[in-house]
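# Observations on the model geometry
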Amino acid sequence: MSVLPLVFTSGWASGINAYAVVLLLGVFGATGLSDEVPASLQRTDVLVVAAVLFLCEVVADKIPYVDSVWDSVHTVVRPVAGAVVAALLAGESGSLPELAAGAIGGSTALMSHLVKAGTRMAVNSSPEPFSNIAVSTAEDLGVAGIVTFAIFHPLVAAVVAGTLLLLGVVALLFLASRIRRFLRRRSRRREERRLAGAGSHWPLE
């Protein structure tokens, strides 16, 4: 069976939480639950690093504004991770050229990352922190559930991932005004910090 559905699903999930994808696939491969996982993802050092970074993401992703900073840093990390994981999966199965798999995984990861980052900006326009925790927890559970499902039912999981990606893009269109509000608020805070920093360097009379 072609590895394309698993490549697409892993790309979508990497755009949300790349470390969880690496950790889950590595565990599934190391425990023998899947023959599709390359040996490089099953290495102990890879699993340990992925687990530590996953825990960091779990914490950072639930703190208002910190999550958006984290997303900004991972604008490059998540698509690259999605492309690398996809290429490794394709190389293991031999049913899809690695370059094509990398392009699919990377572009899908970038799209889902942009949806995630935009959604978080909209959520951060609300002053209370509970919505961040709820959204982040739903993302963590969603990634874990769909990646696990993809191991056993890759085609169905790919359809679910594609549907969620499409719904996410549509949701961003409706949340555009809240995203603009978040960006204006962040810009205002940066200006206030800049002015405060400039004021602290004024000579005392």
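For the structure given in this document, a descriptive report is provided here.

So, how was this worked out
Residues numbered from 1 in each chain as written. Predicted model: local features only at pLDDT ≥ 70, side-chain atom pairs only at ≥ 80, totals over all residues. Heavy atoms only, no water. Helix = DSSP H or I, 4+ residues; strand = E, 2+ residues; numbered from the N terminus. Contact = heavy atoms within 4.5 Å. Polar contact = N/O pair within 3.5 Å; in protein donor to acceptor, adjacent residues only side chain to side chain. 1 Å grid on protein atoms, 1.4 Å probe; cavity = no way out; pocket = protein on both sides within 12 Å on 5 of 7 lines; lining within 4 Å. Points joined across faces, edges and corners; volume = space filled by probe spheres on them. Nonpolar A, V, L, I, M, F, W, Y, C, P; charged D, E, K, R; others polar. Salt bridge = Lys/Arg side-chain N within 4 Å of Asp/Glu carboxyl O. Buried < 20%, exposed > 50% of the residue type's maximum accessible area, 1.4 Å probe, protein only.

### Section: the environment of Thr9
Within the secondary structure, Thr9 is located in helix H1 (residues 4-30). For Thr9 and Phe149, which are 140 residues apart along the polypeptide, the C-alpha to C-alpha distance reads 9.8 Å. Excluding residues that lie within four positions of it along the chain, Thr9 makes contacts with Ile146, Ala150, Pro154, Ala157, Ala158 and Ala161. Only 3.3 Å separates the side chain of Thr9 from the backbone nitrogen of Ala158, close enough to count as a polar contact.

### A word on the layout of surface pockets
Considered as a void within the structure, the largest pocket measures approximately 310 Å³ in volume. Lining the largest pocket we find 15 residues, and of these Trp12, Ile16, Val115, Glu139 and Leu164 sit closest to its centre. It is helix H5 (residues 130-152) that provides the largest number of residues to the lining of the largest pocket, a total of five residues. Taken together, the residues that form the lining of the largest pocket break down as nine nonpolar, four polar and two charged.

### Remarks on the pattern of salt bridges
Counting across every chain of the model gives nine salt bridges. Ionic pairing is found between Glu139 and Lys116, a salt bridge with its closest N-O pair at 2.7 Å. Of the two residues, Glu139 sits in helix H5 while Lys116 sits in helix H4 (residues 98-124), which places them 23 residues apart along the sequence. Owing to a relative accessible area of 14%, Glu139 belongs among the buried residues under this scheme. According to the relative accessible area criterion, Lys116 is buried, its value standing at 3%. Close ionic contact of Glu139 with Arg120 constitutes a salt bridge, the shortest N to O distance being 2.9 Å. One end of the pair, Glu139, is in helix H5; the other, Arg120, is in helix H4, and 19 residues separate them in sequence.

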